[in-house]
Amino acid sequence: MGNTGTVLRELRGAQKTAKGVSLYSRYVNRPAGRIFAAGAYRIGLTPNQVTLVSAAFTFAAIASVALVRPSSGLAVAVYAGLVIGFALDSADGQLARLTGGGGPDGEWLDHVVDCAKMILVHTAVLISFQRFSALPGEGWLLLPLGFLFTAVLTFCAGLLREQLGKAAARPAADTGTSAPVSRLRAVALLPADYGVFCLVFLLLGDPTAFRVGYAALAAVHALFLVAFLAKWFRELRALRTAD
């Protein structure tokens, strides 16, 4: 394959569908991931190595939340680490599709890192609340635990929906057409996007603003969880009745 421009064009052609993807992932995270994937290809990294680099950025940022007293400088550093880690998380899959170097091991590693990220980021917020914040009440310590429960349940239920759906669905004939991507749905999904979640860490230097923003996102994610669970249950039940 030729120069970086050629690689970027190939990556764009190998991009996954935008259906069910928020505007942030479609117009910010995936394009950033393409740039990282092209760079990784040029220097000879494998998809699994890109996954590990993504984990290093993400986990370093998360550790900083738990270990360093909040400040404006920390807020920017944490946000940068999380966003770069998220873009690299997109890059590993794009690189795998470009090179054909993906496999079950890479998919497994990617999911393990994603699950660890989900658990650790809310655990780090809990530790930061306990160590550095003058909370209005101890009940605030339950907030990261609730957010953690919501995030992990959404992740596990969504993964099961995907796998069970693949196992139950009958092969469909290729009609040569695909359903149009809904821009309204892409906008509606923004509050549930991990990239939007990362934005709240820019408030880390102001404890009150961070708590309010984090609580608001927790409430929104809980509402999305209820909606997703109902939707996924209906879809799997429909697959059963179609047999």
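Residues numbered from 1 in each chain as written. Predicted model: local features only at pLDDT ≥ 70, side-chain atom pairs only at ≥ 80, totals over all residues. Heavy atoms only, no water.

## Quick look at the overall build of the protein chain
Here comes step 1: Helix and strand counts for the protein chain come out as 9 helices and 0 strands.
Here comes step 2: The N-to-C order of helical and strand elements in the protein chain reads α-α-α-α-α-α-α-α-α.
Here comes step 3: Relative to its 243 residues, the protein chain shows a buried fraction of 38%.
Here comes step 4: For the protein chain, restricting intrachain contacts to residue pairs at least 6 apart in sequence, the fraction spanning at least 24 positions comes to 83%.
Here comes step 5: Surface accessibility of the protein chain: about 13000 Å² in total, with carbon and sulfur atoms responsible for 67%. (Helix = DSSP H or I, 4+ residues; strand = E, 2+ residues; numbered from the N terminus. Buried < 20%, exposed > 50% of the residue type's maximum accessible area, 1.4 Å probe, protein only. Contact = heavy atoms within 4.5 Å. Areas by Shrake-Rupley, 256 points an atom, 1.4 Å probe, with all protein chains shown as cover.)

## Concerning the packing of aromatic side chains
Here comes step 1: Per the stated rule, a full pass over the model turns up 12 aromatic pairs.
Here comes step 2: Arranged with centres 5.2 Å apart and planes meeting at 15°, the rings of Phe-228 and Trp-232 form a pair that is stacked. You can see Phe-228 and its partner Trp-232 sitting in helix H9 (residues 207–242), 4 residues apart, about one turn around the helix. The same class applies to Phe-228 and to Trp-232, which are both buried.
Here comes step 3: Through pairs of rings, three or more aromatic residues link up here, namely Tyr-24, Phe-86, Phe-129, Phe-147, Tyr-194, Phe-197, Phe-201, Phe-210 and Tyr-214.
Here comes step 4: Seen from the ring of Tyr-194, Lys-117 lies directly overhead, with NZ or CZ sitting 4.3 Å from the centre.
Here comes step 5: In this structure, Arg-211 is placed above the aromatic ring of Trp-140, and the distance from its NZ or CZ to the ring centre is 5.4 Å. (Phe/Tyr/Trp six-rings, centres within 6.5 Å; stacked < 30°, edge-to-face > 60°. Lys NZ or Arg CZ within 6 Å of the ring centre and 35° of its normal.)

## Focus: the state of the cysteines
Here comes step 1: If you walk through the whole model with that rule in mind, you get 0 disulfides.
Here comes step 2: No disulfide involves Cys-115; its sulfur sits 5.6 Å from the nearest other cysteine sulfur, which is in Cys-156. (Disulfide = S-S within 2.5 Å.)

## Description of the pattern of salt bridges
Pairing is possible between side chains that carry opposite charge, provided their charged atoms lie close to one another.
Here comes step 1: For the structure shown, the criterion picks out 4 salt bridges.
Here comes step 2: In this structure, Lys-117 and Asp-114 form a salt bridge, with 3.5 Å as the shortest nitrogen-oxygen distance. Highlighted residues: Lys-117 and Asp-114, both in helix H5 (residues 104–132), separated by 3 residues, approximately one helical turn. Each of the two residues, Lys-117 as well as Asp-114, counts as buried.
Here comes step 3: For Lys-231, the salt bridge identified is with Glu-235, shortest N-O distance 2.6 Å. (Salt bridge = Lys/Arg side-chain N within 4 Å of Asp/Glu carboxyl O.)

## A closer look at the confidence of the model for the protein chain
Here comes step 1: Looking at the protein chain, pLDDT values average 88 and 85% of them are 70 or higher.
Here comes step 2: Here helix H1 (residues 4–13) is the element of the protein chain with the lowest mean pLDDT, 65, and helix H3 (residues 47–67) is the one with the highest, 97.
Here comes step 3: Counting contacts from residues 172–178, a segment whose pLDDT is below 50, to residues more than four positions away or on other chains yields 0 contacts. (pLDDT = per-residue confidence, 0-100.)

## Concerning the nonpolar core
Here comes step 1: Judged by nonpolar contacts, the single largest core of 29 residues is most densely connected at Val-78, Leu-82, Phe-197, Phe-201, Leu-204, Phe-210 and Tyr-214.
Here comes step 2: Looking at this core, the elements with two or more residues in it are H3, helix H4 (72–99), H5, helix H6 (142–168), helix H8 (194–199) and H9.
Here comes step 3: Top contributing element to this core by residue count: H4, with 6 residues.
Here comes step 4: With residues up to four places along the chain from it excluded, the contact list for Leu-82 reads Thr-58, Ala-61, Ile-62, Tyr-194, Cys-198 and Phe-201. (Core = buried A, V, L, I, M, F, W, Y, C linked by side-chain atoms within 4.5 Å.)

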